[in-house]
Amino acid sequence: MTTKRSITVTVNGQQHQTEVEPRMLLVHYLREVLDLTGTHIGCNTSQCGACVVMLNGEAIKSCTVLAVQADGGEVLTIEGLAPEGGLHPIQEGFWEKHGLQCGFCTPGMIMASYQLLKNNPHPTETEIRRGLEGNICRCTGYQNIVKAVQDASERMSTSAETPVPAGD
């Protein structure tokens, strides 16, 4: 029998204290314990990027991080990206430029795009493609995803709103 460990994690601005098994992956903690199902499980091997979330301000693949490793940290998921009742400029870009089809990769793509635009607010097409290399989409062929990120970059640079959620 495995002894559970107590962790305290701030997720989308809300602090959670939970007892977890030491081997529980962060993606399972988010989905099964906190019921935040926007983060998808694709491959469990860090190949597809469907599980990308922000941990302490950096994009990570949550299928390769243990929940106990996030203890004391801050996690931002797709659910916490937008203001309540609205869409983040990246989500708007994906909607307007058809950067999604089946939607399975979309949360990971959006979170990876968030990291990219946080570090490089005005990326070139090549930089966008390089920034999303760790994320796989089996539907779109990536062109509309690139257009969506370009659109988001433009929206964020012309928006009076702060594009980064509080705490990130």
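- As named in an unreviewed UniProt entry, the protein is Carbon monoxide dehydrogenase, taken from Dictyobacter vulcani.
- Quoted verbatim from the Pathway (unreviewed entry) heading of the UniProt record, the comment on the protein is "Alkaloid degradation; nicotine degradation."

1. Observations concerning the overall build of the protein
Piece 1. Assigned secondary structure in the protein consists of six helices and five strands.
Piece 2. Secondary structure elements in the protein, listed N-terminal to C-terminal, are β-β-α-β-β-β-α-α-α-α-α.
Piece 3. The C-alpha radius of gyration of the protein comes to 16 Å, within 12% of the 15 Å expected for a compact globule of 168 residues.
Piece 4. Each of the three principal axes of the protein carries a C-alpha extent, and together these read 50 × 35 × 25 Å.

2. Focus on the nonpolar core
Piece 1. Judged by nonpolar contacts, the single largest core of 24 residues is most densely connected at Leu-81, Ile-90, Phe-94, Met-109, Met-111, Leu-132 and Val-149.
Piece 2. Broken down by secondary-structure element, the contributors of at least two residues to this core are strand E3 (52–55), helix H2 (78–81), helix H3 (89–96), helix H4 (106–119) and helix H6 (143–158).
Piece 3. Ranked by the residues each element gives to this core, the list is headed by H4, at seven residues.
Piece 4. Per-domain counts for this core show at least three residues from each of domain 1 (5–80) and domain 2 (89–157).
Piece 5. Leave out the neighbours within four places in its chain, and Met-111 touches Val-52, Met-54, Leu-76, Thr-77, Ile-78 and Leu-81.
Piece 6. Formed by 18 residues, the second largest nonpolar core is a distinct cluster that contains Ile-7, Val-9, Val-11 and Leu-34.

What counts and how
- For every chain, the first residue of the written sequence is number 1, and numbering continues from 1 onward in sequence order.
- Owing to the predicted nature of the model, reporting of local features is limited to residues with pLDDT of at least 70; listing and counting of side-chain atom pairs is limited to 80 or more, with chain, interface and lining totals taken over all residues.
- Computation of side-chain values covers all heavy atoms of the structure but excludes hydrogens and water.
- UniProt positions are given in the numbering used here, feature names are shortened, and annotations may be inferred rather than shown by experiment.
- The helix and strand labels rest on DSSP assignments: H or I over at least four residues marks a helix, E over at least two residues marks a strand, and numbering proceeds from the N terminus.
- Only C-alpha atoms enter the radius of gyration, while the globule expectation follows 2.2 Å times N to the 0.38, with N the number of residues.
- Here, the term nonpolar core denotes a set of buried Ala, Val, Leu, Ile, Met, Phe, Trp, Tyr and Cys residues that are joined through side-chain atoms within 4.5 Å.
- Partly exposed describes any residue whose relative accessible area lies between the buried limit of under 20% and the exposed limit of over 50%, with all areas from a 1.4 Å probe on protein chains only and scaled to the type maximum.
- An automatic or database domain assignment supplies the start and end points of every domain.
- Whether two residues are in contact is decided by their heavy atoms, any of which lying within 4.5 Å being enough.

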